[in-house]
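Working through the structure, step by step
Below, each chain spelled out in residue letters.
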Amino acid sequence: MFDLQRDGDVFVLRFDDNENRFSPAFLDGIHEALDSVEKTEGSRALVTVGTGKFYSNGLDLGWLSANGDQAEAYLGRIHGVFARLLSLPPPTVAALNGHAFAGGGMLALSHDFAVMRTGRGYFCLPEVDLGMTFTPGMNALIQSRLPKATAHEAMITGRRYTAEEALNAGIVQHIAAETEVLPTAIRIAAALAPKNGVAVGKIRTDMYAPVIAALGRPAF
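Here the residue numbering is sequential within each chain, running from 1 through the sequence in written order. Per-residue local features are limited, in this predicted model, to residues with pLDDT of at least 70; the limit for side-chain atom pairs, both in listing and counting, is 80 or more; totals at the level of whole chains, interfaces and linings are taken over all residues. Only hydrogens and water are set aside when side-chain values are computed; all heavy atoms of the structure are taken into account.

1. A closer look at the sheet that holds strand β5 (residues 54-56)
Rules: Here, any two strands with at least 2 DSSP bridges between them count as paired. For the purposes of this entry, the term helix denotes a DSSP run of H or I that reaches at least four residues, the term strand denotes a run of E that reaches at least two, and both are numbered from the N terminus.
If you trace the four strands from one edge of the open sheet to the other, you get β5-β8-β10-β11, paired in mixed fashion. Unpaired on one side and paired on the other, β5 and β11 (160-161) mark the two borders of the sheet. Both strand β8 (residues 99-101) and strand β10 (residues 123-124) contribute to a ladder of two bridges, which runs parallel. Looking at the pairing, A100 lines up with F123 of β10.

If you want it as structure tokens, here you go:
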């Protein structure tokens, strides 16, 4: 389900579970990987990447449907992943190899920067088309990381953004062909790795303090 490798100063965390939906095991795996990255001393940065045509499709709706009595705790665990990335000491880069939908899109937004593949794959917040709304924490995350007009359009319309459209809308910071997505993300991360991790984590935590607080509140 996960593969954590080190390329120089850059940790590369690969999600490899089909659509990379947020099952309880998936959430456990992310935290275990982040534990390994965080406890490592010296220069370091983190890149996350999916496999095939998916970065992540977000919530595991099948599991949630079968475990509705655990919905609030489940969403709280997802919030916890977003909050942890926002406060993680090492710089972070999301390599969007394919679709980043719903919670998968929010996972990407929890990173410092994102590189998106051209030619295939979309960034999309489809909750409106699923008859779902956003939790206060998700609202805070999206609106803090996207330009106001983009957040409004993405959340209200459920638009699917191609890489070029996502770049123009301020959703991602870089785009690249399929074979260059991960190498580009690693190069960006490597350049950031020497930054003082304690300072990076404190700056980001202070910058997104209201978001982290909202993610820590009950989901409903």
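2. Structural notes on helix α9 (residues 197-207)
The line we're drawing: Only protein chains enter the accessibility calculation, which uses a 1.4 Å probe. A residue is then buried if its area is under 20% of the maximum for its type, exposed if over 50%, and partly exposed in between. For this quantity, the arc is that covered by the directions from the helix axis to the C-beta atoms. Contact definition: two residues touch when any of their heavy atoms are within 4.5 Å. By the criterion applied in these results, polar contacts are pairs of N or O atoms within 3.5 Å in which, for protein atoms, one can donate a hydrogen and the other can accept it, and in which residues neighboring in sequence qualify only through two side-chain atoms.
Of all the residues in α9, the buried ones are G197, V200, G201 and R204. The buried residues of α9 occupy an angular sector of 95° when projected down its axis, which confines them to one face. More than 90 degrees from the buried face of α9, the exposed residues found are V198 and I203. Contact partners of the buried residues in α9: α3 (71-87) and β7 (92-96). Among the residues of α9, the N-terminal cap falls to N196, whose side-chain oxygen and the backbone nitrogen of V198 are separated by 3.0 Å.

3. Brief notes about the pairing of strand β1 (residues 2-7)
As paired strands, β1 and strand β2 (residues 10-15) are joined by six bridges and run antiparallel to one another. Across the sheet, the residue bridging to R6 is F11, located in β2. The loop that links β1 with its antiparallel partner β2 comprises two residues; one of these, G8, has a positive phi angle of about 65°.

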